[in-house]
Amino acid sequence: MLPLGRLSAAEARGLRGVIFDLDDTLLDHGALSAAAYAALFRLRGSGLRLIACTGRPAGWGEVIQRQWPLDATVVENGAIALVADEGGSRRIVALDPLDPAVRRERRRALLDLAAELVTRFPEAELADDNDARRTDVTIDIGEHRRVPREAIVAMQRLAAERGARTLVSSVHLHLTSEPDDKASGTIRLLVRRFGEDATAARARYAYIGDSGNDAAPFAAFTLTFGVANVRGPARRLSVPPRFITDEPMGQGFAAFAARLTELRDAKAT
Ligand SMILES: [Mg+2]
């Protein structure tokens, strides 16, 4: 992973947008700092499209999409994208490839599986954001609980035996029956909403994240960044981010935004 100083002006100027993770990338242990929030406005002021991309629930995404300077919010690790209604109102609509009844049916089975897992692994508990979810179920492994890595791996194995996919972020173990990940869900959004070419988009949008559920976009996009706390999880990523910030979480995000906009906004020499 390269220091931010190695990013070139040509790379920075070739971008149309930035896709960013929330937990422990923009947010510090769930909290939004003034520096990180200001960085969003700085990026937008530099002419970049902004897309939040998180494992957090659709219900949380609807709130930030309504309030923050965002062009879209991809939630539940790529399963659903939220955008403002094209009619120009502030109404938020979901781009969801599946019927809501199918969603509810699939999720019921995942809730049964999650109940079994937290019974067998009492060090874990059901996460407190499940009521706002539509497609997946989350188990708290690092937000209010500290679950040992062996127990997480054992839960993943059991979930796989039951036919569920799992994704691990810094805070949650996700159980899902969706085929999507953060990369496929975001690229579908870029094509459907912004008319991008699915292949060219990989070089036109930067991605910044910090953990295991960012593995797919770290591999899919050309310009990828990790905040400093990606160092631990990076050992388990097949493709680590190309660049890494010196600072962790929100401070790292602010440093990334400062470097990117400085290169974009400097007069070409
Ligand atoms: Mg994260």
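The rules behind each value
- Along each chain, residues carry numbers from 1 onward, in the same order as the chain's sequence is written.
- This being a predicted model, a pLDDT of at least 70 is required before a residue's local features are given, and a value of 80 or more before pairs of side-chain atoms are given or counted; all residues contribute to the totals for chains, interfaces and linings.
- Just so you know, side-chain values use all the structure's heavy atoms and leave hydrogens and water out.
- The buried label goes to any residue with under 20% of its type's maximum accessible area, the exposed label to any with over 50%, and the partly exposed label to all in between, with areas taken from a 1.4 Å probe on protein chains only.
- Secondary structure counts use DSSP, requiring at least four H or I residues in a row for a helix and at least two E residues in a row for a strand, with both numbered from the N terminus.
- Pairing between strands is defined by DSSP: at least two bridges between the two strands are required.
- Under the convention used throughout, the expected extent of a helix is 1.5 Å for every residue step, that is, one less than its residue count.
- By definition, the arc is the one covered by directions from the helix axis to the C-beta atoms.
- When checking whether two residues touch, look at their non-hydrogen atoms; a contact exists if any pair is within 4.5 Å.
- For this analysis, a polar contact is any N or O atom pair within 3.5 Å, provided that within protein one partner can donate a hydrogen and the other can accept it, and provided that sequence-adjacent residues contribute only side-chain to side-chain pairs.
- By convention here, the domain bounds are inherited from an automatic or database domain assignment.
- Computed with a 1.4 Å rolling probe, the buried area is the accessible surface lost when two parts are put together, summed over both parts.
- Salt bridges are defined as contacts in which a side-chain nitrogen from Lys or Arg sits within 4 Å of a carboxyl oxygen from Asp or Glu.
- Under this grouping Gly is polar, as are all residues other than the nonpolar Ala, Val, Leu, Ile, Met, Phe, Trp, Tyr, Cys and Pro and the charged Asp, Glu, Lys and Arg.
- Grouping buried Ala, Val, Leu, Ile, Met, Phe, Trp, Tyr and Cys residues that are joined through side-chain atoms within 4.5 Å yields what is termed a nonpolar core.
- An axis is simply a line fitted to the C-alpha atoms; with a helix, the fit covers only the stretch in contact. Between two such axes, the angle follows the N-to-C directions and lies from 0 to 180 degrees.

Caption draft 1: The pairing of strand E11 (residues 205-209), seen in detail. Counting buried positions along E11 yields 5 of 5 residues, so the element is predominantly enclosed. Of the two faces of E11, the one holding Tyr-205, Tyr-207 and Gly-209 and the one holding Ala-206 and Ile-208 are both buried throughout. Strand direction decides the pairing type here: strand E2 (residues 17-20) and E11, joined by 4 bridges, are parallel. Bridging across to E11, Val-18 finds its partner in Ala-206. Across 3 bridges, the pairing between E11 and strand E12 (residues 224-226) is parallel. Along E12, the bridge assignment pairs Tyr-207 with Thr-224.

Caption draft 2: Geometry of helix H10 (residues 249-265). Counted at 1.5 Å a residue, the expected span for H10 with its 17 residues is 24 Å, and the 24 Å between its end C-alpha atoms agrees. Burial runs high along H10: 13 of the 17 residues are buried.

Caption draft 3: Main features of helix H4 (residues 100-120). Here H4 contains 21 residues, and its C-alpha end-to-end distance of 30 Å stays within 8% of the 30 Å for a straight helix at 1.5 Å per residue. Within H4, the full set of buried residues consists of Arg-103, Arg-107, Leu-110, Leu-113, Ala-114 and Leu-117. Axial view of H4: buried residues confined to an arc of 120 degrees, hence all on one face. Among the exposed residues of H4, those oriented more than 90 degrees off its buried face are Arg-104, Asp-112 and Thr-119. As for H4, its buried residues are in contact with strand E5 (80-84), strand E7 (125-126), strand E8 (137-140), helix H5 (149-161) and strand E10 (172-176). Here H4 starts with a cap whose side-chain oxygen sits 2.8 Å from the backbone nitrogen of Ala-101, and that cap is Asp-99.

Caption draft 4: Looking closely at the domain arrangement of the protein. On domain assignment, one finds that the protein holds domain 1 (2-97 + 180-265) and domain 2 (100-176). Once you take the C-alpha centre of each, domain 1 and domain 2 turn out to be 24 Å apart. The interface of domain 1 with domain 2 comprises 23 residues on the first partner and 17 residues on the second. Here domain 1 meets domain 2 over a buried area of about 1,500 Å², counting both sides, of which 43% is carbon and sulfur. A per-residue breakdown of the area domain 1 buries against domain 2 is headed by Arg-56, Glu-76 and Asn-213, which together make up 27% of the total. Counting across the interface, domain 1 meets domain 2 through 4 salt bridges. Between Arg-56 and Asp-129 there is a salt bridge whose closest N-O contact spans 3.0 Å. Of all the elements, helix H3 (residues 58-67) adds the most residues to the side of domain 1 that touches domain 2, at 4 residues. Its residues placed into classes, the side of domain 1 that touches domain 2 shows 7 nonpolar, 6 polar and 10 charged.

Caption draft 5: Molecular detail of the nonpolar core. Formed by 32 residues in total, the largest nonpolar core has its most connected members in Val-18, Phe-20, Leu-26, Leu-43, Phe-225, Phe-253 and Leu-260. Of all the elements, H10 adds the most residues to this core, at 7 residues. The residues contacting Val-18, other than those within four sequence positions of it, are Leu-43, Leu-48, Arg-49, Leu-50, Ile-51, Tyr-205, Ala-206, Ile-208, Phe-256 and Leu-260.

Caption draft 6: Quick look at the sheet that holds E12. Within the open sheet, the 9 strands sit side by side as E1-E13-E12-E11-E2-E3-E4-E5-E6. Their pairing is mixed. Each edge of the sheet is formed by a strand with only one pairing partner; in this case those strands are strand E1 (2-3) and strand E6 (92-95). On the sheet, H10 packs against E2, E11 and E12 and is oriented at approximately 170 degrees with respect to E2.

Caption draft 7: Looking closely at the side chain of His-172. Relative to the helices and strands, His-172 is located in strand E10. The exposure class assigned to His-172 is buried, which follows from its relative accessible area of 1%. A polar contact is formed between the side chain of His-172 and the side chain of Glu-143, at a distance of 3.2 Å. In this view, His-172 contacts Arg-56, Ala-127, Asp-129, Arg-133, Thr-138, Ile-139, Asp-140, Ile-141, Glu-143 and Leu-167; residues no more than four positions away in its chain are not counted.

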